[in-house]
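# Notes for the structure review
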Protein chains: 2
Amino acid sequence: MSKAVPRFEECCHPLTAAALDEAEAVVLAEALRVLADPARLRLLSLVATAPDGEACACDLVEPLARSQPTISHHLAMLVEAGFLTREKRGRWAWYRVVPERLELLRSALQPEAAQA
Amino acid sequence: MSKAVPRFEECCHPLTAAALDEAEAVVLAEALRVLADPARLRLLSLVATAPDGEACACDLVEPLARSQPTISHHLAMLVEAGFLTREKRGRWAWYRVVPERLELLRSALQPEAAQA
DNA sequence: TGGCCATATCGACAAATGTCGATGTGAACG
DNA sequence: CGTTCACATCGACATTTGTCGATATGGCCA
């Protein structure tokens, strides 16, 4: 489940510009799959709307109504996929969204996108 | 796997505007999950780039390198989720993309989206 | 009408995934 | 130091999912 080099640029060849080959489709699908889960969408949403744009993992377990290991697992997936960054301060882990990563995905869904 | 009323409007509350509740997250995740597969992304891409914006199912099996039932299954999912429309003409089934549906999804990933 | 063709549906199965409880790790604090 | 706390990792398990071959459906044509 871990990649040496997350190839984000390859991720988002626009769907409607040219037919995707299998390799491109796999990379894009992996990115979308990370978002295609209610728990991870809510985590992303919670972090995005948190004061100062960052949220502590300790504040994310309760609202999700899932166990702490499960939350930790989902956060790790979001970080590995580049949608979140993690900064450990003392005993706590703080998360921030990476807007550029979301924008990259959006560009793949864009009609007639000029990926230049 | 079939819904009486596909609630597309509920689908795409912007992630970064307000924290998603579980129900909203489930709907959005379902939409993303449909796209989070290489075969379905390639189908969408093939239809989008086809001449006159429509493609016959008969031309989609070979490039995908999967069996005919598998292609049919993925096309059905894309239609049910609203990303494609199907029109049966004679013995053939013709598919078209629904750009508004993709745009709806894009709006959910939009930072600071004004969903008004 | 009978056969062929394109597509959809069915049933099955291996692989992937979300979830949990138990446990490991490492920082802070008395 | 030993304890506590926040978080990550591990191992397990039930469910979901992508895929296939076999078969059903329904239009077209000789």
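Residues numbered from 1 in each chain as written. Chains lettered and ligands numbered in written order. Predicted model: local features only at pLDDT ≥ 70, side-chain atom pairs only at ≥ 80, totals over all residues. Heavy atoms only, no water.

On to the interface of chain A and chain B, then. With 33 residues of chain A in contact, the opposing surface of chain B contributes 33 residues. For the chain A and chain B pair, buried surface summed over both sides reaches about 2800 Å², with 69% attributable to carbon and sulfur atoms. When the shortest N-O distance is used, the salt bridge between Glu22 of chain B and Arg66 of chain A registers 2.9 Å. Mapped by element, the contributors of at least two residues to the side of chain A that touches chain B are helix H2 (22–35), helix H3 (38–48) and helix H6 (99–108) of chain A. Sorting elements by how many residues they give to the side of chain A that touches chain B places H2 of chain A first, with 8 residues. A per-class count over the side of chain A that touches chain B returns 20 nonpolar, 5 polar and 8 charged. (Contact = heavy atoms within 4.5 Å. Buried area = accessible area lost by both parts, 1.4 Å probe. Salt bridge = Lys/Arg side-chain N within 4 Å of Asp/Glu carboxyl O. Helix = DSSP H or I, 4+ residues; strand = E, 2+ residues; numbered from the N terminus. Nonpolar A, V, L, I, M, F, W, Y, C, P; charged D, E, K, R; others polar.)

For the rest of this paragraph, the subject is the protein's contact with DNA strand C. Taken together, 23 residues form the shell around DNA strand C, and within it Arg66, Ser67, Thr70 and His74 of chain A together with Arg86 of chain B come nearest. Expressed as a percentage, the sugar and phosphate content of the atoms of DNA strand C within 4 Å of the protein is 71%. Note that a phosphate oxygen of DNA strand C is positioned 3.0 Å from one of the side-chain N or O atoms of Tyr95 of chain B. Within the residue set of the surface near DNA strand C, elements represented by two or more residues are H3 and helix H5 (68–80) of chain A together with helix H5 (68–80) and strand E3 (92–97) of chain B. At 4 residues, H5 of chain A tops the list of elements feeding residues into the surface near DNA strand C. (Near = heavy atom within 4 Å. Polar contact = N/O pair within 3.5 Å; in protein donor to acceptor, adjacent residues only side chain to side chain.)

All right, on to the side chain of Glu54 of chain A then. Residues and elements named next belong to chain A. Mapped onto the elements of the fold, Glu54 is located in strand E1 (residues 54–56). With relative accessibility at 16%, the residue Glu54 sits in the buried group. A polar contact of 2.8 Å, which involves the side chain of Glu54, links it to the side chain of Arg89. Apart from the residues within four sequence positions on either side, Glu54 is in contact with Val47, Arg89, Trp94, Tyr95 and Arg96. (Buried < 20%, exposed > 50% of the residue type's maximum accessible area, 1.4 Å probe, protein only.)

With that out of the way, let us pick up the pairing of strand E2 (residues 84–89) of chain B. All names here are of chain B. Pairing of E2 with E3 involves 6 bridges; the strand directions are antiparallel. Bridge pairing in E3 places Arg89 opposite Trp92. Joining the antiparallel neighbours E2 and E3 is a turn of 2 residues, in which Gly90 adopts a positive phi near 65°. (Pairing = 2+ DSSP bridges.)

Near DNA strand D, the surroundings consist of 24 residues, among which Ser72 and Arg86 of chain A together with Arg66, Thr70 and His74 of chain B are the closest. Counting only the atoms of DNA strand D that lie within 4 Å of the protein, the sugar and phosphate share comes to 71%. Residue Gln68 of chain A places a side-chain N or O atom 2.9 Å away from a base nitrogen belonging to DNA strand D. The separation between a phosphate oxygen of DNA strand D and a polar side-chain atom of Arg66 of chain B is 2.6 Å. Elements represented by at least two residues in the surface near DNA strand D include exactly H5 and strand E3 (92–97) of chain A together with helix H3 (38–48) and H5 of chain B.

Our next topic: the packing of aromatic side chains. In the structure shown here, the tally under the stated rule is 0 aromatic pairs over all chains. Above the ring of Phe83 of chain A, the side-chain terminus of Arg101 of chain A is found at 4.7 Å from the ring centroid. (Phe/Tyr/Trp six-rings, centres within 6.5 Å; stacked < 30°, edge-to-face > 60°. Lys NZ or Arg CZ within 6 Å of the ring centre and 35° of its normal.)

Next up on the list: the packing of H2 of chain A against H3 of chain B. Where H2 of chain A contacts H3 of chain B, the axes come no closer than 8 Å and their chain directions differ by 115°. Both H2 of chain A and H3 of chain B take part in a crossing whose hand is right-handed. Between H2 of chain A and H3 of chain B, the contacting residues are Glu22, Ala25, Val26, Leu28, Ala29 and Leu32 of chain A on the first element and Pro38, Leu41 and Arg42 of chain B on the second. Tallied by class, the residues present in the contact of H2 of chain A with H3 of chain B amount to 7 nonpolar, no polar and 2 charged. (Axes fitted to C-alpha atoms, helices over the stretch in contact; angles between N-to-C directions. Left-handed = near helix turned anticlockwise from the far one by under 90°.)

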